[in-house]
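Letter by letter, the chains look like this.
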Amino acid sequence: MIERQLQPLLHELVGVVFAPTSALGDATGQIRPTGVQGVFHADARVLSRAELRVDERELEGLTRGDDGPHGARFVGLARWLGDPTPDPTVRVDRLRRASRNGLTEELRIVSTATVGVQATVTIDLGCDLAPIETVKSGGAAPALEAKTGQPGVLTWSGAGITVTVTASDADVLADAERATAPRLAWSVDLPPGGETVLRWQLTVEDPRAVVAGPAGEPEWSRPQVTADDRRLVRLLDRSLDDLRGLRLAETGAPEDVFLAAGVPWFLTLFGRDSLWAARMMLPLGTDLAAGTLRVLARRQGTRIDPTTGEAPGKILHELRRHEFSVPGNGLRLPPAYYGTVDATMLWVNLLHDAWRWGLPAEQIEPLLPHLESALSWLADHADPDGDGLVEYVDTTGHGLSNQGWKDSGDAVRFRDGTLATAPIVLAEVQGYAHEAALNGAALLDAFDRPGADRWREHAAALVGRFRNSFWVDGRHGPQPALALDRDKRPVDSLTSNIGHLLGTGLLDRDEEAQVAHLLTTDTMAAGFGLRTMSSDDAGFSPLSYHCGSIWTHDTAIVLGGLARAGHRDAALGLADGLLSAAEAFDYRMPELYGGDDRALVSRPVPYPAACRPQAWAAAGAVLLLQAATGLYPDVPAGTVRLRPLAGPELGALHVDSLRVADTPVTVTVDRTGDATVTGLPTSLTPTLPTPRSRPAAPLPR
């Protein structure tokens, strides 16, 4: 039997991150030379082993926990040392902290014994400089030989990267058989009740990296939240810590900050992920959005290149230092890859939403030529067959076969489980396109640029095309299909994709109400959030990447759309699912998790290869906070509307330091749902919630 080469599992690993550096180890703190464990810098594993022993024995792990936004603490025991009593008397705390260019560890050894303690403490190290795609595919790279020079210093070099470990007070063993498995060793001699601290440090020099850690503090405010539901406070605090660790900039352009997609596979620029995360973060300020827009605008497509997927006006999908090639499945992505169908529209929509939140005109105006180019892509390149719908197909045979956010090869399935054949016309992409056309028109009008009427007409025509092509009869009434296939047949499975249509303007109020109904059936919402595919469909599996699992950002986006459209009960149901999942995951939300029924499984089942932390999963906490406060500003129009989700079901809520027009504001919602906002600029007029007894009109984004 041929053994499969499988993607390594990471759901039980403990991570620390300070982009572009991250580290993954086991629950006791060990970094073992197996799977995806290691220290990573951008796209390379710079340390593949860091195993602690005392007297050649491993510690017995007690617990671990966070230590600040970039650190973790592991507590272990050396019970063979100290007093021969039932109580342990020698404890070792291992404190690991990531930095932008490396990692530090402190080993704090504390004895409460009545006798002296002598021991030898060692750290066995290894370095393989394996590319991230090799690790992701379950492959391995040979360990490199370490070089010694100065006392207490080890170095490895390769692929333009230099890795240095420094432990000034340790003995370094790197001769002969230890050349590829060097050891740091300390002799410890503690008096009764004594303690000591041992330290070592890893630094990385990586001049070829395409991303770097930006200086300074995060670009967003950190709101102070008081809530009846403490889960919301804990989720927001942990998520903002994780987002702080995911900040990146392009090498050579440190002023424009964006969010890396996630640890460990995607610690780089991803158009779709970075755009969605910045959009979710708008209630905390517009600076992150501005940086994300600018960095992607600089790499906006200018030519037709089938190899990379580039086209004039198109927004990048992902950026790597080298070709991303996964052995065994034929995937080969060039360093700058444009194989995404939605990032261009999401770029337009982020620019528009940032403007509504108060991004200054002097930051918008330089981006207007890029807006016009993005709209031109929508007209000239997004619809190859000219039927008025946006579609995609990989023509290379080695790119992504699916180019929406559900980009796995089996993501687009009919109700009976069969796969759709490309070119594919995704439902939510038509919503993004409609929204981008209207948003682009609004920006063109506001800044006295021509062409707005053309895009309003484009949007109006898309409404009719979508209504005629996508609506099908489903088990719970009429539903939008997931997609159209090569022959323009509706792919009739029921999926979460249709939730992304809410708020795009593509649906009328009755159609939005039907979508809300579909998304709250048990087949979609019986798990800890929103399933990506209905459990009635033949392709459903709770641990399928895109056909039955639950994605944090997907649930948050749909929750936000439901809340904004006035479907309060549906939004509250998804909010409870997210908050319950957050509690189970120690408030560090993973990229995705299992779509099992809550009535059958009492806690969410981890998806074993999910990124954690992950940008749009963490940013989903901010979108949930916005829905809870119900804050919807339109700075150019001079209005701020309030429609809070908080109130009788979610509880009271008080939030300081949200930002509107770069001004800190405070929102308070009491237990009855009455809301107030203070601190607004005098140019803005708040509109209070509509009475609960009357149906509310949907809000603009």
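Scroll up to find the structure this text is about.
What counts, and where the lines are drawn
- Residues numbered from 1 in each chain as written.
- Predicted model: local features only at pLDDT ≥ 70, side-chain atom pairs only at ≥ 80, totals over all residues.
- Heavy atoms only, no water.
- Helix = DSSP H or I, 4+ residues; strand = E, 2+ residues; numbered from the N terminus.
- Rg over C-alpha atoms; globule rule 2.2 N^0.38 Å.
- Buried < 20%, exposed > 50% of the residue type's maximum accessible area, 1.4 Å probe, protein only.
- Contact = heavy atoms within 4.5 Å.
- Areas by Shrake-Rupley, 256 points an atom, 1.4 Å probe, with all protein chains shown as cover.
- Lys, Arg positive; Asp, Glu negative; His and termini not counted.
- Charge placed at Lys NZ, Arg CZ, Asp CG, Glu CD.
- Polar contact = N/O pair within 3.5 Å; in protein donor to acceptor, adjacent residues only side chain to side chain.
- Core = buried A, V, L, I, M, F, W, Y, C linked by side-chain atoms within 4.5 Å.
- Phe/Tyr/Trp six-rings, centres within 6.5 Å; stacked < 30°, edge-to-face > 60°.
- Lys NZ or Arg CZ within 6 Å of the ring centre and 35° of its normal.
- Pairing = 2+ DSSP bridges.
- Axes fitted to C-alpha atoms, helices over the stretch in contact; angles between N-to-C directions.
- Expected span 1.5 Å × (residues − 1).
- 1 Å grid on protein atoms, 1.4 Å probe; cavity = no way out; pocket = protein on both sides within 12 Å on 5 of 7 lines; lining within 4 Å.
- Points joined across faces, edges and corners; volume = space filled by probe spheres on them.
- Nonpolar A, V, L, I, M, F, W, Y, C, P; charged D, E, K, R; others polar.
- Salt bridge = Lys/Arg side-chain N within 4 Å of Asp/Glu carboxyl O.

Engineer: Help me understand the overall build of the protein, please; the structure alone is not making it clear to me.
Structural biologist: Looking only at helices and strands, one finds 14 helices and 37 strands in the protein. Computed over the C-alpha atoms, the radius of gyration of the protein is 26 Å, within 12% of the 27 Å expected from 2.2 N^0.38 for a compact globule of 701 residues. Structurally, the protein occupies a C-alpha span of about 80 × 55 × 55 Å along its principal axes. Looking at the protein as a whole, 60% of its 701 residues are labelled buried. Put simply, 65% of the contacts in the protein that link residues at least 6 apart link residues at least 24 apart. When the accessible surface of the protein is split by element, carbon and sulfur atoms take 49% of a total near 25700 Å². For the protein, the separation between the mean place of its 66 positive charges and that of its 89 negative charges on side chains is 1 Å.

Engineer: Explain the side chain of Gln300 here, please?
Structural biologist: Looking at the secondary structure, you find Gln300 in the loop between α4 (287–298) and β21 (318–319). Judged by its relative accessible area of 8%, Gln300 falls in the buried class. Engagement of the side chain of Gln300 in a polar contact is seen with the backbone oxygen of Gly313, the distance being 2.9 Å. With residues near it in sequence (within four places) discarded, Gln300 still touches Gly313, Lys314, Ile315, Tyr338, His370, Ser373 and Ala374.

Engineer: In this structure, what is going on with the nonpolar core? I would like to understand it.
Structural biologist: A general trend in soluble globular proteins is that nonpolar side chains are found buried together. Residues Met281, Met345, Trp347, Leu371, Val412, Leu631 and Leu653 are the most contacted members of the largest nonpolar core, which totals 164 residues. Broken down by element, this core gets its largest block of residues, eleven residues, from helix α14 (residues 615–629). Apart from residues lying up to four places away in sequence, Trp347 is in contact with Leu275, Leu293, Leu296, Ala297, Ile315, Leu367, His370 and Leu371. With 47 residues, the next largest nonpolar core counts Leu47, Ala72, Phe74 and Ala146 among its residues.

Engineer: Sorry, what's going on with the side chain of Arg356 here?
Structural biologist: Mapping Arg356 onto the fold places it in helix α5 (residues 343–357). The class of Arg356 is buried, set by a relative accessible area of 17%. Setting aside residues up to four positions removed in sequence, Arg356 forms contacts with Ala442, Pro633, Asp634, Val635 and Pro636.

Engineer: Explain the packing of aromatic side chains here, please?
Structural biologist: How two aromatic rings sit relative to each other is set out by the distance from centre to centre and by the angle between their planes. Counting across every chain of the model gives nine aromatic pairs. Ring geometry for Trp405 and Trp551: centres 5.2 Å apart, planes at 70°, overall edge-to-face. Pair noted here: Trp405 is in the loop between α7 (368–380) and β25 (425–426) and Trp551 is in strand β30 (residues 550–551), with a separation of 146 residues, a long-range link. Each member of the pair, Trp405 as well as Trp551, is classed as buried. Look at Phe585 and Tyr593: their rings are 5.5 Å apart centre to centre, the planes differ by 50°, and that puts the pair in the tilted class. Through pairs of rings, three or more aromatic residues link up here, namely Trp405, Tyr545, Trp551, Tyr607 and Trp616. A cation over a ring is seen here: Lys136 above Trp265, with NZ or CZ 5.7 Å from the ring centre.

Engineer: Help me out: how do you make sense of the sheet that holds strand β15 (residues 183–190) in this one?
Structural biologist: Two strands in a sheet stick together by hydrogen bonds in their backbones, pointing the same way (parallel) or opposite ways (antiparallel). Spatially, four strands are ordered β5-β10-β15-β14 in an open sheet, and the strand pairing comes out antiparallel. Looking at the sheet topology across the chains shown, the edges are occupied by β5 (49–54) and β14 (171–173). Neighbour-to-neighbour, the strand axes of the sheet open up by a mean angle of 20°, direction not taken into account. Bridge count for strand β10 (residues 117–126) against β15 is eight bridges, and the pairing is antiparallel. Looking at the pairing, Asp124 lines up with Arg183 of β15.

Engineer: Honestly, α14 in this entry has me stumped. Any pointers?
Structural biologist: Note that an α-helix has 3.6 residues per turn; residues three or four places apart therefore point the same way. Between its first and last C-alpha atoms α14 spans 22 Å; for 15 residues at 1.5 Å apiece the expected length is 21 Å, and the two agree. Burial within α14 is extensive, with 15 of its 15 residues counted as buried.

Engineer: How should I be thinking about helix α13 (residues 568–584) in this particular structure?
Structural biologist: Taking 1.5 Å per residue, 17 residues should reach 24 Å; α13 reaches 25 Å between its end C-alpha atoms and fits that length. Phi turns positive, to about 55°, at Asp586, one or two residues after α13.

Engineer: Explain empty space enclosed by the protein here, please?
Structural biologist: Any empty space left between atoms is shown by rolling a water-sized probe over those atoms. By the definition in use, this model includes eight cavities of 30 Å³ or more. Of the pockets and cavities examined, the second largest cavity occupies roughly 110 Å³. In terms of lining, the second largest cavity is formed by Thr28, Gln30, Leu52, Glu58, Leu59, Gly61, Phe74, Val75, Gly76, Val92 and Arg94. Secondary structure elements with two or more residues in the lining of the second largest cavity: β7 (71–77) and β8 (90–99). With three residues, β7 is the largest single contributor of residues to the lining of the second largest cavity. Its residues assigned to classes, the lining of the second largest cavity shows five nonpolar, four polar and two charged.

Engineer: Honestly, the pattern of salt bridges in this entry has me stumped. Any pointers?
Structural biologist: If charged atoms from side chains of opposite charge come close, those side chains can pair. For the structure shown, the criterion picks out 58 salt bridges. The partner of Arg320 in a salt bridge is Glu318, with the nearest N and O atoms 2.9 Å apart. Comparing Arg320 with Glu318, the two get one shared label, buried. The salt bridge partner of Glu372 is Arg449, with a shortest N-O separation of 3.0 Å. With Glu372 in helix α7 and Arg449 in the loop between α8 (427–446) and α9 (452–470), this residue pair connects regions lying 77 residues apart in the sequence. Residue class for Arg449 comes out partly exposed when judged on its relative accessible area of 27%. A cluster of three or more residues bridged by salt bridges with shared partners is formed by Asp26, Arg32, Arg49, Glu51, Arg53, Glu56, Glu58, Asp124, Arg178 and Arg183.

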